[in-house]
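Structural features, examined
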Amino acid sequence: MAKRRKNRTHIKGGAPVEALPDGVPKSFIVKHGQVGSSLVQLVRDMRKVMEPHTASRLKERKRNKLKDYLTLAPTLQVTHLLAFTLTPVAPSFRIVRLSNGPTLSFRVERYSLMKDVMSTSRKARSIGVEYLSPPLLVLASFPPPSPTTPPHLSLVMKSFQTLFPPLSPHNLSLSSARRVVLVAYNSERGTIDFRHYIIKVKPYGVSKRVKRVLEGATGSAKSSTGILDLGNEKDIADFLLRKRGEPGPDGGYESAASSTESIAGDDGDAVDLAEDYVGRNNKKGQRRAVRLDEVGPRLELRLVKITEGVPGKEGAVMYHEFFTKSKKEITEQKAAHAAKEKLRKQRREEQEQNVERKKALANKDEGDGDGVDDDDEEMKDAEEMDEELDDAANTSDDEMDDGGWDEEEEISEGEESEEDDNGESSEDEQPPTKKARIRGKR
């Protein structure tokens, strides 16, 4: 039997990575702490929304910490970290702008997954090619900038705008506009609604039967050739002017006006295509109806807190939903953070000077490796001092927050940790194993 020859299917050295243009944001979307299966699926759905400029196949392990992502992000040019966690009150969602902040903390009041939204709609279908281009962002119902507008709303708008690539109408290709992300502010409830839609372009001003003739039978499972089967119809009018098996008015055919159901509904939904669009017969200059089909997920967010910096190195609290501070307290807080930063910088400079001095001494004494160990000890001492300063400064802020956020807490895979705990406890309770008996010859 001849030996099978294997063809080379992989490029040596890996495929070349296309460089993204400047200004295109990248994101990490992770879960933090102990979460359930629903939040795990919500993280996957949010990764799908943020494609293609997100780590959609990011593998989280139990030993990963939040500090690992914050350290790795600048190397991969990641600009945002979106993290979900579960608190005793409600799920929490945070948007962290890397690498200097700010950090926006939201409480997830309600949410629906992609599978829940698509199961309630017959028309919402996702092919998959829509996620090759980033979505278009639409901000709705936010108050216009004015002296009376709360400053935190302007910061929320700016934060959501930086999550997606900037929109340039002159350079935007019409075929790349496939999805829409709607972020709407509900002034009555004080919440922010997050919606995700897919753009659909259909023929305008024709009935469903005529639309099927124009588009073909591509959506029908009975036809594999894309051609409608009219073999059971006696007349073409039976197919176009009335429903099959139902007589029209006075026993005759239905009129075109009575059977026509406009795809758009009114003239406000109809547009003339400026360029060729994806789909059949969607050519430049054709009049088409534009629809938005929701595919999920849905989120209702309530802003809780805005802080300067990133988790672990948080600065002053810029806004809090449930706590207010006087001007004197704000001034004292800013002074305390400024003193902390000054002390951290001073200690860092002292450690660097000590390292340089010991390196100079080590160069004189060649062959002695103690200087390298001393340098490592100095840098470890500096990191420990910085962590102590961060813990002391963030204690007061963490007491006000409704959900704990520990940057040292491990990333979990849902309920795996509970299983591991049960496994460890069961191992501890097991009796000592008996020695195996060896049967020898007598």
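Note that the coordinates shown come from a computational prediction; the quantities given were computed from them, not determined experimentally.

**Remarks on helix H1 (residues 37-49)**
- Between its terminal C-alpha atoms H1 stretches 19 Å, which fits the 18 Å expected from 13 residues at 1.5 Å a residue.
- When H1 is considered as a whole, its buried residues turn out to be Leu39, Val40, Leu42, Val43, Asp45, Met46, Arg47 and Val49.

**What to know about the packing of aromatic side chains**
- Within the structure shown, the criterion is met by 5 aromatic pairs.
- Between the aromatic rings of Phe106 and Phe160, the centroid separation amounts to 6.2 Å while the plane-to-plane angle is 50°, which identifies the pairing as tilted. With Phe106 in strand E4 (residues 103-112) and Phe160 in helix H4 (residues 151-161), this residue pair connects regions lying 54 residues apart in the sequence. Across the pair, exposure class does not vary: Phe106 and Phe160 are buried alike.
- Consider the rings of Phe142 and Tyr185, whose centres lie 5.7 Å apart with planes at 25°: the pair is stacked. Here the residue Phe142 occupies a position in the loop between strand E5 (136-140) and H4, and Tyr185 occupies one in strand E6 (residues 179-186), the gap between them amounting to 43 residues.
- According to the relative accessible area criterion, Tyr185 is buried, its value standing at 18%.
- Of the aromatic side chains, those joined through ring pairs into one cluster are Phe84, Phe93, Phe106 and Phe160.
- Lying over the aromatic face of Tyr131, Lys48 brings its terminal NZ or CZ to 4.7 Å of the ring centre.
- For the cation-ring pair, Arg287 lies above Tyr204, with the distance from its terminal atom to the ring centre recorded as 5.7 Å.

**Quick look at the confidence of the model for the protein**
- Across the protein, pLDDT averages 76, with 68% of residues at or above 70.
- Across residues 248-264, where pLDDT falls below 50, the model places 35 contacts with residues more than four positions away in sequence or in other chains.
- In this model residues 407-429 is a low-confidence stretch, pLDDT under 50, and it forms 41 contacts with partners more than four residues away in sequence or in other chains.

**Some words on the nonpolar core**
- Core analysis: the biggest nonpolar cluster contains 37 residues, and Phe84, Phe93, Phe106, Phe160 and Leu301 have the highest contact counts within it.
- Contributing elements (two or more residues each) for this core: H1, strand E2 (80-86), strand E3 (91-97), E4, H4, E6, strand E7 (191-203) and strand E10 (298-307).
- With 6 residues, H1 is the single largest residue contributor to this core.
- Beyond its immediate stretch of four places on either side in the chain, Phe106 contacts Pro91, Ser92, Phe93, Ile95, Phe160, Ile192, Leu301, Arg302, Leu303 and Val304.

**Brief notes about helix H8 (residues 327-364)**
- With 38 residues, H8 should reach 56 Å at 1.5 Å per residue; the first-to-last C-alpha distance of 56 Å fits that figure.
- Three or more residues of H8 are buried, namely Gln333, His337, Lys340, Arg344, Gln351, Val355 and Lys358.

**Thoughts on the pattern of salt bridges**
- One pass over the full model with this rule turns up 10 salt bridges.
- One salt bridge connects Glu109 with Arg302, and the closest N-O pair in it is separated by 2.8 Å. Separated by 193 residues along the polypeptide, Glu109 in strand E4 and Arg302 in strand E10 bring together distant segments of the chain.
- The shortest N-O distance in the salt bridge between Arg195 and Glu294 comes to 3.7 Å. Of this pair, Arg195 sits in strand E7 while Glu294 is found in strand E9 (residues 287-294), placing the two residues 99 residues apart along the sequence.
- Judged by its relative accessible area of 15%, Glu294 is buried.
- One continuous salt-bridge network, built from bridges that share partners, spans Lys31, Arg47 and Glu60.

**Description of the pairing of E10**
- Most of E10 sits out of view: 9 of its 10 residues are buried.
- As defined by bridge partners, E4 adjoins E10 across 9 bridges and the pair is classed as antiparallel. If you follow Phe106 over to E10, its bridge partner there is Leu303.
- As paired elements, E10 and strand E11 (residues 317-320) share 3 bridges and run antiparallel to each other. Looking across to E11, one finds that Thr307 is bridged to Val317.

**Focus on the pairing of E9**
- Strand direction decides the pairing type here: E7 and E9, joined by 7 bridges, are antiparallel. The partner of Val201 across the bridge, within E9, is Val290.
- Note that strand E8 (residues 270-272) and E9 share 3 bridges and pair antiparallel. Across the sheet, the residue bridging to Val271 is Arg288, located in E9.

**Brief notes about unusual backbone geometry**
- With an omega of 5°, the peptide bond running from Glu51 to Pro52 counts as cis.
- Note that Pro52 resides in the loop between H1 and helix H2 (66-72).
- Here the residue pair Gly101 and Pro102 is connected by a cis peptide bond, since its omega of 10° sits within 30 degrees of zero.
- Inspection of the secondary structure puts Pro102 in the loop between E3 and E4.
- Notably, Gln77 is not glycine yet its phi reads approximately 60°, a positive angle.

**Concerning the environment of Tyr197**
- Following the sequence through the fold, Tyr197 ends up in strand E7.
- For the pair Tyr197 and Leu182, spaced 15 residues apart in sequence, the C-alpha to C-alpha distance is 7.9 Å.
- The contacts of Tyr197, once residues within four sequence positions are left out, are Arg179, Val180, Leu182, Leu292, Asp293 and Glu294.

Cut-offs applied
Residues numbered from 1 in each chain as written. Predicted model: local features only at pLDDT ≥ 70, side-chain atom pairs only at ≥ 80, totals over all residues. Heavy atoms only, no water. Helix = DSSP H or I, 4+ residues; strand = E, 2+ residues; numbered from the N terminus. Expected span 1.5 Å × (residues − 1). Buried < 20%, exposed > 50% of the residue type's maximum accessible area, 1.4 Å probe, protein only. Phe/Tyr/Trp six-rings, centres within 6.5 Å; stacked < 30°, edge-to-face > 60°. Lys NZ or Arg CZ within 6 Å of the ring centre and 35° of its normal. pLDDT = per-residue confidence, 0-100. Contact = heavy atoms within 4.5 Å. Core = buried A, V, L, I, M, F, W, Y, C linked by side-chain atoms within 4.5 Å. Salt bridge = Lys/Arg side-chain N within 4 Å of Asp/Glu carboxyl O. Pairing = 2+ DSSP bridges.

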